[in-house]
Amino acid sequence: MGSSKLLSLLVTLYLLAPTSISSDVSLSPEELTQIPVKFLDFAKKPEIFYWMVNIRRKIHENPELGFQEFETSKLIRSELDQMGIPYKFPVAVTGVVGYIGTGQPPFVALRADMDALAMEESVEWEHKSKVPGKMHACGHDAHVAMLLGAAKMLQVFRHEIKGTIVLVFQPAEEGGGGAKKMLDAGALENVEAIFGLHVSSLFPVGTVASRPGPTLAAGGFFEAVINGKGGHAAIPQHTIDPIVAASNVIVSLQHLVSREADPLDSQVVLTVAKFEGGGAFNIIPDSVTIGGTFRAFSKESIIQLKQRIEEVVMKQASVQRCNATVTFDDKSFYPVTVNNKNLHEHFQKVAADMLGVQNIKENRPLMGTEDFSFFAEAIPGYFYYLGMNDETKGKFETGHSPYFRVNEDALPYGAALHASLATRSSTIAPFSSPCRESDDIAVDNCKNKKDEEKIKARSWRLRWMTCFSVKKSKPKGKGKGKDKDRDKSSTSVTSSPIHDSCYSAMNSYYRDENLKAVISYCRNSQGLSCGRVLVVGAASWLLQFVVESSLWRLLV
């Protein structure tokens, strides 16, 4: 029998014989509570923290508006490539969707928005926006950095993942409805739950805030053009004044809130923030344009409000002998953001384990809108706020201010919460082994060489068993040669991104390397008997033949 057959025989022994290394990792309640704490410790490591800071600052210096995030998307893809994380691109123009895990259920998604705002930055610092008229004034640069930080940590524990974590890098949150476009493009196909966060200067760093049920309002924009007849201001009787008509319209619109909404449940906002008409002190214009936003916490209230806005504008203009047209920007309409109650309980437990119960705040419903609502409307979703205020570092302005700043000390908390919420949702057990393989991050848990060999052997067996149990069609590619680069080559995968790397575990390169680890581990273990080797030897030879001849497809 050749050496390769002997190696295969030993592997079959390892797969079939009783062993203390289980492919079903189960954690005690005490060990489960330690996962968020260890993720936070991991995220605070200098090599992780400063890496996230550097990414955030690069994005901040080069802000891009909705559906124009080409360089931001390029940076994200570059980092995913370096981590060996497969992804889909493009999704909704500039969006990126990455995958960590087995490529099989359960699928849990983590979301970060990427776009900036059309405003000039007024903060003078080393990494100020280099693009005139554009600024990351809502923290989306930090959101991207934290999700990449979570991805970097989760990739270290990818062999422990029994489900799939989906990384959603979304364009155009600021009024472009990027979430809706990603949803329409199938970004959340098979996903069972999704989590999103937003940095907030209203809460101290190291705290989080959220609530179950409706948390952010539904809302949209409207614009009305009121047409009259212009003329000289000294002879108004020869004109039809659209400014007077528009003024009456605005006053009447306020009555929709004060006189038509239930005062005990009046969670309704209607604000006219745009008024354009005329350009001279002594000329009555032909027309006036007004516009604003309307918001509410129920679908019924939004529908009623939209209907009444149109009626009031049209009829009040008519009273003043004017005519009017009303348009609603459907692209800017966002539904109510509703937090799933079961996910709220999950969030409370994970956040309490990481931060302590005293650092979980209840957030009141806000009249702001967020296109994460499209995700949460389609599948169970959960959206929360990550505190970043620190009075010792000066005042942190709220979002959409030209003086907006991000407290980068909050980045490890966001990355660790992302990773913890996903792992505790998808039956993943990181930190459960004494030692861990890592591509580019040194983990300090390896105590000795035997532990390292033990984990490599276990990792190989998990890959082997997954290949036989989760896929029924042969992947593309011959699986020959130096397949160390196979994970990178799958960066444009579609339906089952993890299977290629799994399959490569059976090819010559991975098999030889991992078999060496198995043999080394077995030699150092207790209870290895030649009798057990002889029992499974014939089965081993047959198993290898079936795999290499592709006949395994007929058996699964």
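Just so we're clear, the structure is a prediction, and the values are computed from it rather than from any experiment.

A. The arrangement of the sheet that holds strand 2 (residues 95-101) in detail. What the 8 strands build is an open sheet, ordered 1-2-4-3-5-16-6-15; its pairing is mixed. Where the open sheet ends on each side, the last strands, each with one partner, are strand 1 (87-91) and strand 15 (360-362). This sheet shows a mean twist of 25° between the axes of neighbouring strands, independent of strand direction. Relative to strand 16 (residues 381-389), strand 5 (residues 191-204) runs parallel, the two being bridged by 8 bridges. Opposite P204, over in strand 16, you have N389 as the bridge partner. Sheet strands touched by helix 5 (residues 140-156): strand 2, strand 3 (107-113), strand 4 (164-170), strand 5 and strand 16. Its angle to strand 3, the strand with the most contacts, is close to 145°. Packing against the sheet, helix 9 (residues 341-355) makes contact with strand 5, strand 6 (208-210), strand 15 and strand 16, and its axis sits at approximately 30° to strand 16.

B. Structural view of the sheet that holds strand 12 (residues 287-296). On the basis of which strands lie adjacent, the open sheet formed by 4 strands has the order 10-12-8-13 and antiparallel pairing. In the strand order of this sheet, the two ends are held by strand 10 (268-276) and strand 13 (323-328), each with one partner. Sheet twist, expressed as the mean angle between neighbouring strand axes with direction ignored, is 20°. Of the strand pairs in this sheet, strand 8 (residues 218-227) and strand 12 are connected by 10 bridges, and their pairing is antiparallel. Looking at strand 12, one finds that A224 is bridged to I290. Running at roughly 170° to strand 10, helix 7 (residues 242-258) makes contact with strand 8, strand 10 and strand 12 of the sheet. Against the sheet, helix 8 (residues 299-319) makes contact with strand 8, strand 10, strand 12 and strand 13, and its axis sits at roughly 160° relative to strand 13, the strand it touches most.

C. Representation of the pattern of salt bridges. Scanning the entire structure with this criterion turns up 16 salt bridges. The salt bridge partner of D371 is R111, with a shortest N-O separation of 2.8 Å. Taken together, the residues D371 in the loop between strand 15 and helix 10 (372-378) and R111 in strand 3 connect sequence positions 260 residues apart. The burial state of D371 is the same as that of R111; both residues are buried. The salt bridge partner of E124 is K128, with a shortest N-O separation of 2.8 Å. Overall, the relative accessible area of 64% leaves E124 in the exposed class. Given the relative accessible area of 22%, K128 is considered partly exposed.

D. View of helix 5. In this model, helix 5 (17 residues) spans 25 Å end to end at C-alpha, consistent with the 24 Å of a helix rising 1.5 Å per residue. With respect to burial, helix 5 is a largely interior element, 17 of its 17 residues being buried.

E. Structural context of the packing of aromatic side chains. All told, the structure shown has 11 aromatic pairs when counted by the stated rule. With 5.0 Å between their ring centres and 70° between their planes, F49 and Y50 make a pair best called edge-to-face. On the accessibility criterion, Y50 (56% relative accessible area) is exposed. Where F347 meets Y382, the ring centres are 4.9 Å apart and the plane angle is 35°; that geometry is what we call tilted. Placement of F347 in helix 9 and of Y382 in strand 16 is noted, with a sequence separation of 35 residues between them. The burial state of F347 is the same as that of Y382; both residues are buried. These aromatic residues form a ring-pair network of at least three members: F372, F375, F383 and Y385. Note that K306 overlies the ring of F328, its terminal NZ or CZ placed 5.1 Å from the centroid.

F. Here's a closer look at the packing of helix 4 (residues 70-83) against helix 5. Closest axis-to-axis distance for the helix 4/helix 5 pair is 10 Å, and the angle between their directions is 10°. By the angle class used here, helix 4 and helix 5 are roughly parallel. Residues L75, I76, E79, L80 and M83 of helix 4 pack against V144, L148, A151, K152 and Q155 of helix 5. Residue composition of the contact of helix 4 with helix 5, grouped by class: 7 nonpolar, 1 polar and 2 charged.

The rules behind each value
Residues numbered from 1 in each chain as written. Predicted model: local features only at pLDDT ≥ 70, side-chain atom pairs only at ≥ 80, totals over all residues. Heavy atoms only, no water. Pairing = 2+ DSSP bridges. Helix = DSSP H or I, 4+ residues; strand = E, 2+ residues; numbered from the N terminus. Axes fitted to C-alpha atoms, helices over the stretch in contact; angles between N-to-C directions. Contact = heavy atoms within 4.5 Å. Salt bridge = Lys/Arg side-chain N within 4 Å of Asp/Glu carboxyl O. Buried < 20%, exposed > 50% of the residue type's maximum accessible area, 1.4 Å probe, protein only. Expected span 1.5 Å × (residues − 1). Phe/Tyr/Trp six-rings, centres within 6.5 Å; stacked < 30°, edge-to-face > 60°. Lys NZ or Arg CZ within 6 Å of the ring centre and 35° of its normal. Parallel < 35°, antiparallel > 145°, perpendicular 65-115°, else oblique. Nonpolar A, V, L, I, M, F, W, Y, C, P; charged D, E, K, R; others polar.

Interpretation in functional terms is not warranted from these geometric data alone.
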